[in-house]
Amino acid sequence: MSFENAGNLQNDLASWKAGGEWLNLCGHQIFVRYTGDSQLPVLLLIHGFPTSSWDWSGIWDELKLRFRLVALDMLGFGYSDKPNVSTYSIHGQADIVEALVAAKSLGEFHVLAHDYGDTVAQELLARQQEGVGAGCWLSCCFLNGGLFPETHHALLTQKLLLSPLGPLVNKLAGFKQFSANFSSVFGQQTKPTAEELAIFWQLINEKDGKHIFHNLITYMRDRKLHRERWVTGLQKSTIPLALINGSVDPVSGAHMVARYKELNCRLDYLGVLAEIGHYPQVEDPAGVAMHYSRFIDA
């Protein structure tokens, strides 16, 4: 990872939080970051599991030079509400994102998504193609994520959380286990530092958030249930689509890109980060920003 001055991460996080706001979206208090020149095109950023919009902090300033940025902590993540209920769904998260689009009066905008956010973006993309989506998408770029359930190599912990043992596994999980599991999906040369892991863990535990992991993880079932709809959206997209992929990611690395091509999904740009793992925007923010700029310019 290339966060500079790791010792100042707490200050950076405090500034990140202070630069945001909470909006009432679909009956929940959702943390939102919204910044940039009003004359610039809009870029909506959708984060992954189990983290938050903080994932974008490493490339925020670079992207802000070209875009007006909008990011949120989805329900159950980061600084947003974290109800302890079993009704979390990708469709529900998509509704919240669309409520944000309406609240900020976003017209046309680009989308950059990662991991869990990829799946939310797939549902939103399907709505765009049906003519019922909020706003008008100009493009969408996916970072590493489970676009296809058959190529998503879930960690053992994720599988256990999804099982009937989920609540117990969740209760017993601690920082040490989180650190090992989280680090395992990063590239060999881009592992998170102890300070960085502590920040991620802190955000997960905001509002007692760790205790809803077994509820949030049900998105893995959603991917199987709605696979045809979401894959068809990639194949028949009327807007440009891109992949920026960390190849050594054991969850959704080079093998996911190969499946994407095999299924003839629309692909206008492919950015390959050969030594990077599951969190490209965190492990190599400069590389992601470079590839994303090339995609937009093309």
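As a reminder, the structure under discussion sits directly above these lines.
Being a predicted model, the structure only gives us computed values, none of them experimental.

Enquirer: Explain the pairing of strand S4 (residues 68–72) here, please?
Expert: When a strand is regular, its side chains alternate between the sheet's two faces. With five of five residues buried, S4 is to be regarded as a mostly interior element. Alternating residues of S4 divide into Arg68, Val70 and Leu72 and Leu69 and Ala71, and every residue in both groups is buried. Here strand S2 (residues 28–35) runs beside S4; their pairing, made up of four bridges, is antiparallel. Opposite Thr35, over in S4, you have Leu69 as the bridge partner. Chirality of the crossover, the property in question, places the unit of strand S3 (residues 42–46), helix H2 (residues 57–64) and S4 among those that are right-handed.

Enquirer: How do you make sense of helix H11 (residues 227–235) when you look at a structure like this?
Expert: Side chains three or four residues apart in an α-helix point the same way, a direct result of the helix having 3.6 residues per turn. Regarding H11, the residues found buried are Trp230, Val231, Gly233 and Leu234. Looking down the long axis of H11, one finds its buried residues gathered within 150° of arc, a one-sided arrangement. Looking at the buried side of H11, the elements it contacts are helix H3 (90–103), helix H4 (116–130), strand S6 (136–142), helix H10 (219–225), strand S7 (241–246) and helix H12 (254–262).

Enquirer: Explain H3 to me, please; I cannot follow it from the model alone.
Expert: The end-to-end C-alpha distance of H3, which contains 14 residues, comes to 20 Å, matching closely the 20 Å that a straight helix rising 1.5 Å per residue would cover. Of the positions making up H3, those classed as buried are Ile90, Gln93, Ala94, Ile96, Val97, Glu98, Ala99, Leu100 and Val101. The first or second residue beyond H3 is Ser105, which carries a positive phi of 50°.

Enquirer: Would you explain the sheet that holds strand S8 (residues 269–273) in this entry?
Expert: Pairing between sheet strands relies on hydrogen bonds along the backbone, with the strands arranged either parallel or antiparallel. Taken in spatial order, the eight strands make up an open sheet running S1-S2-S4-S3-S5-S6-S7-S8, and their pairing is mixed. One side of each edge strand has no neighbouring strand; the edge strands of this open sheet are strand S1 (20–25) and S8. On average, each strand axis in the sheet is tilted by 25° relative to the strand beside it, whichever way the strands run. Pairing geometry for S6 and S7, over three bridges, is parallel. Across the sheet, residue Phe142 finds its bridge partner in S7, namely Leu243. In the packing of H3 onto the sheet, the strands contacted are S1, S2, S3, S4 and strand S5 (108–113), and the crossing angle to S1 comes to about 110°.

Enquirer: What exactly am I supposed to notice about the side chain of Lys104 here?
Expert: You can see Lys104 is positioned in the loop between H3 and S5. For Lys104, the contacting residues outside a window of four places in its chain are Glu21, Leu23 and Tyr34.

Enquirer: What is the right way to read unusual backbone geometry from this model?
Expert: In terms of backbone geometry, most residues other than glycine have negative phi values and most peptide bonds are trans. Cis geometry is found at the peptide bond from Phe49 to Pro50, where omega equals 5°. Tracing the backbone shows Pro50 in the loop between S3 and H2. Look at Asp115: it is not a glycine, yet its phi comes out positive at around 55°. For Asn264, which is not glycine, the phi torsion reads 55° and is therefore positive. Tracing the chain through its elements places Asn264 in the loop between H12 and S8.

Enquirer: Before we go on, may I ask you to explain the packing of H3 against H4 in this structure?
Expert: The relative placement of two packed helices is expressed as an angle between their axes plus a distance between the axes. Running from N to C, H3 and H4 point in directions that differ by 70°, and their axes come no closer than 9 Å. By the criterion of interaxial angle, the relationship of H3 to H4 is roughly perpendicular. On H4, the residues touching Ile90, His91, Gln93, Ala94, Asp95, Val97 and Glu98 of H3 are Tyr116, Thr119, Val120, Glu123, Leu124 and Arg127. Of the residues that constitute the contact of H3 with H4, the class distribution is six nonpolar, three polar and four charged.

Enquirer: Explanation requested: the pattern of salt bridges in the structure shown.
Expert: Here the idea is simple: oppositely charged side chains can pair when their charged atoms come close. Throughout the structure, instances matching the rule amount to 13 salt bridges. In this structure, the salt-bridge partner of Lys64 is Asp61, at a minimum N-O distance of 3.9 Å. Of this pair, Lys64 and Asp61 both sit in helix H2, three residues apart, which is roughly one turn of the helix. According to the relative accessible area criterion, Lys64 is partly exposed, its value standing at 33%. In this structure, the salt-bridge partner of Arg259 is Glu150, at a minimum N-O distance of 2.9 Å. Placement of the pair is Arg259 in helix H12 and Glu150 in the loop between S6 and helix H5 (156–162), with a sequence separation of 109 residues. Residue Glu150 is classed as partly exposed on the basis of its relative accessible area, which comes to 37%.

The rules behind each value
Residues numbered from 1 in each chain as written. Predicted model: local features only at pLDDT ≥ 70, side-chain atom pairs only at ≥ 80, totals over all residues. Heavy atoms only, no water. Buried < 20%, exposed > 50% of the residue type's maximum accessible area, 1.4 Å probe, protein only. Helix = DSSP H or I, 4+ residues; strand = E, 2+ residues; numbered from the N terminus. Pairing = 2+ DSSP bridges. Right-handed = clockwise from strand over helix to strand, strands pointing away. Arc of directions from axis to C-beta. Contact = heavy atoms within 4.5 Å. Expected span 1.5 Å × (residues − 1). Axes fitted to C-alpha atoms, helices over the stretch in contact; angles between N-to-C directions. Parallel < 35°, antiparallel > 145°, perpendicular 65-115°, else oblique. Nonpolar A, V, L, I, M, F, W, Y, C, P; charged D, E, K, R; others polar. Salt bridge = Lys/Arg side-chain N within 4 Å of Asp/Glu carboxyl O.

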